[in-house]
Structures are given as structure tokens and as C-alpha cells.
Amino acid sequence: MPIHVIVEGKNDRSKLKRLVGPEINILCTFGTLNSLKLETLRKQVGYDEVFLFMDNDSSGKKIRGVLRDAFPDAVQMYTRRGYAGVEGTPDEYIIAQLEKAGLETYIQYPEHPSY
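Residues numbered from 1 in each chain as written. Predicted model: local features only at pLDDT ≥ 70, side-chain atom pairs only at ≥ 80, totals over all residues. Heavy atoms only, no water.

Going by an unreviewed UniProt entry, the protein carries the name Toprim domain protein and comes from Paenibacillus xylanexedens.

Trainee: What is the right way to read the pairing of strand β2 (residues 24-28) from this model?
Mentor: Consecutive residues of a regular strand have side chains that alternate between opposite faces of the sheet. Where burial is concerned, most of β2 is hidden: four out of the five residues are buried. Bridging between strand β1 (residues 3-7) and β2 involves five bridges; their strand directions are parallel. Paired with V5 across the two strands is I26, which belongs to β2. (Buried < 20%, exposed > 50% of the residue type's maximum accessible area, 1.4 Å probe, protein only. Helix = DSSP H or I, 4+ residues; strand = E, 2+ residues; numbered from the N terminus. Pairing = 2+ DSSP bridges.)

Trainee: Please clarify how the side chain of K15 should be interpreted in this entry.
Mentor: Within the secondary structure, K15 is located in helix α1 (residues 10-17). Judged by relative accessible area, K15 falls into the buried class, the value being 12%. Non-local contacts of K15, meaning those with residues more than four positions away in its chain, are made with V86, E87, T89, P90, D91 and I94. (Contact = heavy atoms within 4.5 Å.)

Trainee: Help me out: how do you make sense of the side chain of T89 in this one?
Mentor: Here T89 shows up in the loop between β4 (75-78) and α4 (91-100). For T89, a relative accessible area of 0% corresponds to the buried category. A distance of 2.8 Å separates a polar atom in the side chain of T89 from the backbone oxygen of G85. Once residues within four sequence positions are removed from consideration, T89 is found in contact with K15, T79, Y83 and I94. (Polar contact = N/O pair within 3.5 Å; in protein donor to acceptor, adjacent residues only side chain to side chain.)

Trainee: What is the right way to read the sheet that holds strand β3 (residues 49-54) from this model?
Mentor: Working definition: the strands of a sheet are paired by backbone hydrogen bonds and lie parallel or antiparallel to each other. Strand order in the open sheet made by the four strands is β2-β1-β3-β4, with parallel pairing throughout. Lying at the two open borders of the sheet, with one neighbouring strand each, are β2 and β4. Direction aside, neighbouring strands of the sheet carry axes that sit 25° apart on average. Contacting β1, β2 and β3, helix α2 (residues 35-45) runs over the sheet at an angle of about 175° to β2. (Axes fitted to C-alpha atoms, helices over the stretch in contact; angles between N-to-C directions.)

Quick look at the structure:
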């Protein structure tokens, strides 16, 4: 069954893409969600497994709230307050979140960890 991780922007997607295998489909909200964008995400995801990984700021929390309603079974992943969004989160913290979410099988561990 395909696995989807929904993030906010393309920089978040690029950051995550470096840390997970090609089996993980990373989708973007590109900021605020309207009903058309939400419907497109719903169609892309279908009945597959979904993970939400939003920035820990007011905009990220708002998007997470909308997505939580649209995908009630989604697994929530969080970045720490103080990091500059998912894209500004250190690799080792993202890897820890992926492991916590049960996605360790798909993690592409960096050659030389920075920790």
C-alpha cells in the first residue's frame, strides 16, 4: 500500500525526499488550503496511509487542523517549535520523527550523520 507524507511547501518536500526512499510519496499543500486543493489531495491519497508533517507555527497548525479533518486516520508528525519549519529541522530530528511514526524501513540514513 502506498504511503503519503503531506508537507506544506516544496522546500519541506526536498528536505524529506533526501531522507526517505522513493516508496514514500511526498505531497505539498503549497500554503493555504482551499476546497479544490483539498479534493486533489484526497484523490491522490485515496485509501492509502497518510502522515502529516507540518511546521510548528500558526500557519502550520491551521493547515494541520484542516488536514486532520480531511484525513482523520493520518499519523501526526511534529517538528519542534523554534526550528524554521520542516525544511529548517535538523536531519537527525526528522529521522527520529520518521522512526517514531514507524517509517524506519523507508529512511535513507545520511552517510555521515551530523550528530
